[in-house]
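Chains, contacts and geometry: an overview
Chain by chain, the residues:
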Amino acid sequence: MAEEHKLQCINKIKSEKINVQHNITKTLLSSGNYMLRKRQPRLIREKRDIYVTKKTDFKAQLKKCEKLFNIGISEIIIHGLGAAIKRACNLALQLKEIHHNSLDLDIKTSTEELIDDFEPLNDDYDYEMKIRRNSAIHIRVFRKEAMVHWLGLTIFEIWINLVSLTIFTILLALKLDDNYFLEQAGWWVVFSPLFIADGFNTYFCAIIFIRMHMEGMIQVAILRALWSLISLLLIFVFKYLLCKKLSGQSALEYSEVLSPVFILLQLIAVRACQLH
């Protein structure tokens, strides 16, 4: 509710300023001696940046934002300038409502310098340039699940891991309590659901990488794929070493077996600091 009230107040103030600037420009052009050409502001060209204007289709922008979240993007930034501030606020609030408040908003405002070129319509007047300032809003829309954000996992990946852990727990209980899987291969059978889950997660990450690459988000796709592969590799190595240790096929100490987990925890800590 606090974010919604803040957006409404900002929207009202900016609308009043826009009306004043519009009246000044209209007065300058009323003489009929100049033609106004507005220079386009410099924009940051990244896929997670959504620029809202008065002419863009609201439903198309909403669909684009939904598509970014569905392919694994954890946050987007909605930019609105001048008269488009109201549409930017409405877009952010609509996204929050669609996701049932599972998204959060981080709102920032700024003042952008814009250049207007007044080109004379006859030779009696000189070329003039006017620098004006216009208000802008930048709304960062991000998921509330901080743990999911830190781990870089999607809901589907978490679901796969939970299912595999459930099956692993059942097999582990059977081996410890009822003496199933007595031979050396028994521990490999117990750990098999976890290895299968790693295979599914790797396949899912490959699909996400291909989709993001086709959408043009090459840098984001590479970073996400790199993080996913590193985390999957470290977890796989840990489970492999632990399984060999329990089967009596390895003389490694448990501290050495747990070393991939220690490395992964350090990487998660670094990632959490970078995200916040």
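Reading guide: rules and limits
- Residues numbered from 1 in each chain as written.
- Predicted model: local features only at pLDDT ≥ 70, side-chain atom pairs only at ≥ 80, totals over all residues.
- Heavy atoms only, no water.
- UniProt positions renumbered as here; feature names shortened; annotations may be inferred.
- Helix = DSSP H or I, 4+ residues; strand = E, 2+ residues; numbered from the N terminus.
- Buried < 20%, exposed > 50% of the residue type's maximum accessible area, 1.4 Å probe, protein only.
- Contact = heavy atoms within 4.5 Å.
- Areas by Shrake-Rupley, 256 points an atom, 1.4 Å probe, with all protein chains shown as cover.
- Core = buried A, V, L, I, M, F, W, Y, C linked by side-chain atoms within 4.5 Å.

Going by an unreviewed UniProt entry, the protein chain carries the name Ribonuclease P protein subunit p20 and comes from Vespula pensylvanica. Here the protein chain is described in UniProt, under the heading Function (unreviewed entry), as follows: "Component of ribonuclease P, a ribonucleoprotein complex that generates mature tRNA molecules by cleaving their 5'-ends. Also a component of the MRP ribonuclease complex, which cleaves pre-rRNA sequences." Of the protein chain, the UniProt comment under Sequence similarities (unreviewed entry) reads exactly: "Belongs to the histone-like Alba family."

The subject of this paragraph is the overall build of the protein chain. In terms of helices and strands, the protein chain carries nine helices and five strands. Sorting the 276 residues of the protein chain into buried and exposed places 34% on the buried side. Residue pairs in contact within the protein chain that sit at least 24 positions apart in sequence constitute 72% of those at least 6 positions apart. Per element, the accessible surface of the protein chain, about 17,400 Å² overall, is 61% carbon and sulfur.

Grouped together as the largest cluster of nonpolar side chains are 23 residues, with contacts concentrated most on Ile 76, Ile 78, Leu 91, Leu 95, Ile 137, Ile 139 and Val 141. Residue assignment for this core shows that the elements contributing at least two residues are strand S2 (49-52), helix H2 (58-70), strand S3 (75-81), helix H3 (85-98), strand S4 (103-120) and strand S5 (128-143). Element by element, the count of residues in this core is highest for H3, at six residues.

Now for the environment of Leu 68. Structurally, the position occupied by Leu 68 is in helix H2. In this structure Leu 68 comes out as buried when scored by relative accessible area, which is 6%.

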